Amino acid sequence: MKIAFQNGENLLHVSDNSSECDKDTFFLLTDQNARYQGNAQEQGCTHFISPTECLSLLGIDKKIKIIGITGTNGKTTTAAAIYSLLLDLGQKVGLQGTRGCFINEKRVEDKSLTTPPILQTIKNLKMAVDEGCEYFVMEVSSHAIVQNRIDGLFFALKILTNVTQDHLDFHKTIDEYIAVKSRFFEDESLKLINSDERHIRFNRINAFTYGIEHPATYKVLAYSLKEGISAAIAKKEKVYDFESSLHGFFNLYNLLAAISAVDLLHVAGMEEICEAVSHFGGVEGRMQVVSQDPLVIVDFAHTPDGMEKVLESMKDKNCIVVFGAGGDRDRTKRPKMGAVAERYAKWMIVTSDNPRSENPDAIIEEIVAGIQRTESLHVKVDRYQAIEEALGMQKKSDVVLILGKGDETYQEVAGVKYPFDDRNVVLEILARLAKQK
Ligand SMILES: CC(=O)N[C@H]1[C@@H](OP(=O)(O)OP(=O)(O)OC[C@H]2O[C@@H](n3ccc(=O)[nH]c3=O)[C@H](O)[C@@H]2O)O[C@H](CO)[C@@H](O)[C@@H]1O[C@H](C)C(=O)N[C@@H](C)C(=O)N[C@H](CCC(=O)O)C(=O)O
Ligand SMILES: Nc1ncnc2c1ncn2[C@@H]1O[C@H](COP(=O)(O)OP(=O)(O)OP(=O)(O)O)[C@@H](O)[C@H]1O
Ligand SMILES: N[C@H](CCC[C@H](N)C(=O)O)C(=O)O
Ligand SMILES: [Mg+2]
């Protein structure tokens, strides 16, 4: 991508693609494109800069406090919670991640990658600085760590949510995946680690922890998950309370991480931070109630652990679960997702997620391989029909849970992104069913 940065009077053109370079364009060198430096020179390019030099050239370097969040699940939710708390506490903030980029409540970039190439992040950081932001909260994916898409960034705070199975198509083994996540915490940066996450390795210097089951700097003393979340947490000897409309034990971790992070940034007192938690309404596509009666929830869970956490939070209801698994992603998680669904669901409807370049039926077969209780299983390769079947069979006391895509507005099949939004599909079908009554 090529970006024009207004830097005082002069306009600076920077690209991370050699084919866009010429004598007036800087080539931003990354681990991923270093092999194309010769091509850039052939195009007449004579200026080569690193991300660190680019950040300094644009006067960004240490001016803005970057908070980086990594972990298998909870990054988007925790990042959004920190963003919400900081805004509530009167700060100017940028937010970058799976849902795109937002600055002071305005969307400035559509969804792309959870962690885009470093030049895109530099562009978003520059926009945030120009808008007077003091903080920039960003999700850091394991791919981004391996491909060094965070090269040159100075993190004021690094946060770990958890490490469970995902992306083994890319990292090959869980040990490698854990090693990659641990690399993010090996320096002496200020860091906030989930003390109940026992796999991660991290540098103890400037390390603080949050947790529920193990001792931690920020420790949950008591909590209730009835009608949302209410909890009492301890920091040193003092106790603080907070309330939230969010559901689920897993969101207790996300909110605790967000509170702890904002406290570590010395933005406000713990009382003020905890008070602001109740104003955070959650993230689109994460436990989003699309219909209250009948109860239909759309969620982004697309890993065994994510599904486990969501289904566990709904275990007092009869669940009809609609789910699939992404193509061109970790295949080994598929039967495990099937096995998790079986443990909790009254009915399972296995369907397509984003098949991408894979055969949708083959993906479904790998999920179904993990399911023994086939009498509670329906297979519908067409996602629209799968949702239709779930809503058609729903009884008053049932909840329909549609998992895997969350707020995605497309279904990617063989390189084409067809418009598809689980939430709109639900509303359209419910409206039709209501007319038939
Ligand atoms: C599998 C994967 O991660 N691929 C990433 C990788 O692609 P690649 O190595 O094929 O890149 P490439 O096309 O060779 O280009 C590499 C660099 O060389 C440059 N280039 C290329 C050609 C040329 O002639 N000259 C040149 O300079 C390109 O501009 C680029 O900067 O490097 C690219 C540039 O950084 C990424 O855009 C691309 O992400 C693809 C699109 C992708 O889908 N990645 C997914 C898997 C991903 O990263 N997901 C994570 C995790 C999601 C989550 O769990 O939250 C994410 O962060 O979203
Ligand atoms: N702390 C958590 N632990 C386990 N599962 C969680 C946690 N928080 C959220 N989830 C589940 O995982 C799903 C994804 O949550 P979220 O989008 O916040 O994670 P993420 O790390 O950003 O995911 P991705 O890497 O795919 O972008 C949620 O819809 C929910 O089902
Ligand atoms: N519905 C998506 C969710 C995963 C998105 C992101 N975590 C990634 O791996 O690209 C899929 O599985 O296709
Ligand atoms: Mg995310």
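Note that the structure is predicted; figures quoted are calculated from it, not measured.

Undergrad: Before we go on, may I ask you to explain the overall build of the protein chain in this structure?
TA: Tallying secondary structure elements over the protein chain gives 14 helices and 23 strands in all. Overall, the C-alpha framework of the protein chain stretches about 65 × 55 × 45 Å when taken along its three principal axes. Within the span of the protein chain, comprising 437 residues, buried residues form 56% of the whole. Taking the intrachain contacts of the protein chain between residues at least 6 apart in sequence as the baseline, contacts between residues at least 24 apart amount to 61%. Total accessible area on the protein chain stands at roughly 18,800 Å², and carbon and sulfur atoms take up 50% of it. For the protein chain, the centre of its 51 positive side-chain charges and the centre of its 62 negative side-chain charges are spaced 2 Å apart.

Undergrad: Just to check I follow, could you spell out the site of ligand 3 for this structure?
TA: Close to ligand 3 lie His167, Phe300, His302, Gly326, Arg329, Asp353, Asn354, Arg356, Gly404 and Glu408, which account for all nearby residues. Asn354 has a polar side-chain atom sitting 3.0 Å from an oxygen atom of ligand 3. About the coverage of ligand 3: the protein hides 84% of its 350 Å² of free accessible area. Grouping the constituent residues of the shell around ligand 3 by class yields one nonpolar, five polar and four charged.

Undergrad: How should I be thinking about the UniProt feature "domain: Mur ligase C-terminal" (unreviewed entry) in the protein chain in this particular structure?
TA: Under the local residue numbering, the UniProt record ascribes the feature "domain: Mur ligase C-terminal" (unreviewed entry) to residues 285–406. As annotated, residues 285–406 comprises 34% helix and 23% strand, and the C-alpha atoms at either end are separated by 4 Å.

Undergrad: Teacher, can you tell me more about the UniProt feature "binding site: ATP" (unreviewed entry) in the protein chain here?
TA: If you check UniProt for "binding site: ATP" (unreviewed entry), the listed places come out as Gly71, Thr72, Asn73, Gly74, Lys75, Thr76 and Thr77 in our numbering. Its location among the elements puts Asn73 in the loop between strand E5 (65–70) and helix H3 (75–88). Given a relative accessible area of 17%, Asn73 falls into the buried group. By the element assignment, Gly74 lies in the loop between E5 and H3. Residue Gly74 is classed as buried on the basis of its relative accessible area of 18%. Residue contacts for Gly74: discarding those within four places in its chain leaves Thr161 and Asn254.

Undergrad: Could you clarify how one ought to interpret the sheet that holds strand E21 (residues 398–403) in this entry?
TA: Each strand in a sheet pairs with its neighbour through backbone hydrogen bonds, running either in the same direction (parallel) or in the opposite one (antiparallel). Ordered in space as E16-E17-E21-E18-E19-E20, the six strands form an open sheet in which the pairing is mixed. Since the sheet does not close on itself, it has two edges, and those belong to strand E16 (288–291) and strand E20 (377–379), each with one partner. Adjacent strand axes in the sheet meet at a mean angle of 20°, parallel and antiparallel pairs treated alike. The sheet contact formed by strand E19 (residues 347–350) and E20 spans three bridges and is parallel. The partner of Val350 across the bridge, within E20, is Val379. The strands touched by helix H11 (residues 333–344) are strand E18 (318–323) and E19; relative to E18, the strand with the most contacts, the crossing angle is about 160°. Most of the contacts of helix H14 (residues 422–436) go to E16, to which it runs at about 25°, and overall it touches E16, strand E17 (295–299) and E21.

Procedures and definitions
- Counting restarts for each chain: residues are numbered from 1 in the order of the written sequence.
- A letter from A marks each chain and a number from 1 marks each ligand, given out in the order of writing.
- Selection of residues for local features in this predicted model requires a pLDDT of at least 70, selection of side-chain atom pairs for listing and counting requires 80 or more, and totals for whole chains, interfaces and linings are taken over all residues.
- For side-chain calculations, the full set of non-hydrogen atoms in the structure is used, while hydrogens and water are omitted.
- Runs of H or I in DSSP of at least four residues are treated as helices and runs of E of at least two as strands, each being numbered from the N terminus.
- Working definition: with a 1.4 Å probe on protein chains only, accessible area under 20% of the residue-type maximum means buried, over 50% means exposed, and in between means partly exposed.
- Between two residues, a contact is recorded if the distance between any of their heavy atoms is within 4.5 Å.
- Areas reported here follow the Shrake-Rupley algorithm with a probe of radius 1.4 Å; residue values treat only the protein chains shown as occluding.
- Neither His nor the chain ends contribute to the count of charged residues, in which Lys and Arg are positive and Asp and Glu negative.
- A charge is said to be at NZ when it belongs to Lys, at CZ for Arg, at CG for Asp and at CD for Glu.
- We call a residue near a molecule or strand whenever a single non-hydrogen atom of that residue lies within 4 Å of it.
- For this analysis, a polar contact is any N or O atom pair within 3.5 Å, provided that within protein one partner can donate a hydrogen and the other can accept it, and provided that sequence-adjacent residues contribute only side-chain to side-chain pairs.
- In this classification, the charged set is Asp, Glu, Lys and Arg, the nonpolar set is Ala, Val, Leu, Ile, Met, Phe, Trp, Tyr, Cys and Pro, and all remaining amino acids, among them Gly, are polar.
- UniProt positions are given in the numbering used here, feature names are shortened, and annotations may be inferred rather than shown by experiment.
- Here the rule is simple: two strands pair whenever DSSP picks up at least two bridges between them.
- An axis is simply a line fitted to the C-alpha atoms; with a helix, the fit covers only the stretch in contact. Between two such axes, the angle follows the N-to-C directions and lies from 0 to 180 degrees.

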